[in-house]
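Examining the three-dimensional arrangement
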Amino acid sequence: MVEDTSFLELANLCAELEKTTKKKEKSRLIIDFLRRLKEEEIAPAVFLIVGTVFPESDQRILEVGGRTLWKIEEERGKQAPLIQKPLTILQVHEYFEEIAAVSGKGSRKRKEALLESLFSQASPTEAEYLTRILFGEMRIGVNEGMMLEAIAEAAEMDLRLVRRSHMMLGDLGEVALRALKEGEAGLQRVDVQLFKPIKPMLAEMSYDLKEVFERHGGETALEYKFDGARIQIHKRDQRIKIFSRRLTDVTKSLPDIVELVREKIKAGEVLLEGEVVAIGANEKPLPFQDLM
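Here the structure is a predicted model, which is why all the values come from computation and not from measurement.

**A look at the overall build of the chain**
When you go through the chain residue by residue, the secondary structure sums to 13 helices and three strands. Its C-alpha atoms give the chain principal-axis dimensions of roughly 65 × 50 × 40 Å. Going through the 292 residues of the chain one by one, you find that 43% of them count as buried. In the structure as shown, the chain presents an accessible area of about 17900 Å², 51% of it carried by carbon and sulfur atoms.

Have a look at this one:
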């Protein structure tokens, strides 16, 4: 029976990634690590390496403040870690899931208790990277794009297919799992699903119009940029959901848009994407800050 991968192995990987600035070396380290993981460890490990816990469209949040972590670290410094068995990647992910699930009266103390339990089992190296993950500041030079490239190389498949799957699923962990365990066929089956937000294509910044025209082959369309919020609307019959560019469900924040879609869009199933702009009493667009 293959043992679960320890969280220390992931923490040590992160330390190695932080030491090198060479992209190829970073990719090699990630690829080697991904190929050693058990199936159920792939998705959690991918998220932890890039410094997140859940997919973008997942509404769960940890809600752990710096004061809480400082308090736990201070207490931890006064006593030796209660390390009995090595922490595993799966255990860390389970702790984070449990912390995110805590709500209601007494939730702060319950979250603290869970964090104290987690950190009491962690070595100094593990504690450092746990803290970075909780703050979303890994600082190891591995972003989403690099992880997608590593997944493609680890699974020996076309990067374009991996990127397309990520756009459709909006879930880095699921993309990694499908790529490594189901191969190309698994990603070929990925398609648009209503009420599962699609990652939007984002514009690239350019400071040279000549470069833009050359890249577009001499044909460029220009349009006004409204100071609004980019959204996508998913509709099936009377069910409507609206997602932000960060894949967050913002349906409750835009009731007037929901009513507009219900009134004007007659198609049974539709996915719309565009910019939502707030209009003031003077019939002019309000500033972005007012919209938010």
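Now that the structure has been shown, the text picks up again.
**Some remarks on the packing of helix H8 (residues 144-155) against helix H10 (residues 172-188)**
Angle between the axes and distance between the axes: these two values describe a pair of packed helices. Contact pair H8 / H10: the axes reach a minimum separation of 9 Å and the direction vectors enclose 10°. Compared by their axis directions, H8 and H10 come out roughly parallel. Between H8 and H10 the crossing geometry is right-handed. Contact with H8, carried on its side by Glu144, Met147, Leu148, Ile151, Ala154 and Ala155, involves Leu172, Val175, Ala176, Ala179 and Leu180 of H10 and no other residues of that element.

**So, unusual backbone geometry**
With phi around 55°, arginine 139 is a residue other than glycine that occupies positive phi space. Within the element layout of this structure, arginine 139 appears in the loop between helix H7 (124-135) and H8. The backbone of leucine 247 sits at a positive phi, close to 70°, despite the residue not being glycine. Tracing the chain through its elements places leucine 247 in the loop between strand E2 (239-244) and helix H12 (255-264). Residue classification places leucine 247 among the buried positions, given a relative accessible area of 0%.

**Points about the sheet that holds strand E3 (residues 269-276)**
Strands pair in a sheet through their backbones, by hydrogen bonds, and they do so in one of two ways: parallel or antiparallel. As summarised here, the arrangement of the three strands in space is E2-E1-E3, forming an open sheet in which the pairing is antiparallel. Taken across any chain shown, the strands that pair with only one partner, and hence form the sheet edges, are E2 and E3. Averaged over all pairs of adjacent strands, the angle between strand axes in this sheet comes to 20°, irrespective of strand direction. Summarising the sheet, strand E1 (residues 229-236) and E2 pair through six bridges and their orientation is antiparallel. Across the sheet, residue histidine 234 finds its bridge partner in E2, namely lysine 241. Running at roughly 130° to E2, H12 makes contact with E1, E2 and E3 of the sheet.

**Description of the pattern of salt bridges**
Counted under the stated rule, the structure contains 26 salt bridges. Between glutamate 156 and arginine 35 there is a salt bridge, with its nearest N and O atoms 3.9 Å apart. With a gap of 121 residues between them, glutamate 156 in the loop between H8 and helix H9 (159-169) and arginine 35 in helix H2 (residues 23-36) connect regions that are remote in the sequence. Judged by relative accessible area, which is 68%, glutamate 156 ranks as exposed. With a relative accessible area of 45%, arginine 35 lands in the partly exposed category.

**Regarding the packing of helix H1 (residues 7-19) against H2**
H2 packs onto H1 with a crossing angle of 165° between their chain directions and a minimal axis gap of 9 Å. As far as their axial angle goes, H2 and H1 are roughly antiparallel. Helix-helix and strand crossings are classified by hand; for H1 and H2 the assignment is right-handed. Contact residues: H1 offers Glu9, Leu10, Leu13, Glu16, Leu17 and Glu18, while H2 offers Lys26, Leu29, Ile30, Phe33 and Arg36. Each residue belonging to the contact of H1 with H2 can be placed in one class, and the counts come to six nonpolar, no polar and five charged.

What counts as what
Residues numbered from 1 in each chain as written. Predicted model: local features only at pLDDT ≥ 70, side-chain atom pairs only at ≥ 80, totals over all residues. Heavy atoms only, no water. Helix = DSSP H or I, 4+ residues; strand = E, 2+ residues; numbered from the N terminus. Buried < 20%, exposed > 50% of the residue type's maximum accessible area, 1.4 Å probe, protein only. Areas by Shrake-Rupley, 256 points an atom, 1.4 Å probe, with all protein chains shown as cover. Axes fitted to C-alpha atoms, helices over the stretch in contact; angles between N-to-C directions. Parallel < 35°, antiparallel > 145°, perpendicular 65-115°, else oblique. Left-handed = near helix turned anticlockwise from the far one by under 90°. Contact = heavy atoms within 4.5 Å. Pairing = 2+ DSSP bridges. Salt bridge = Lys/Arg side-chain N within 4 Å of Asp/Glu carboxyl O. Nonpolar A, V, L, I, M, F, W, Y, C, P; charged D, E, K, R; others polar.

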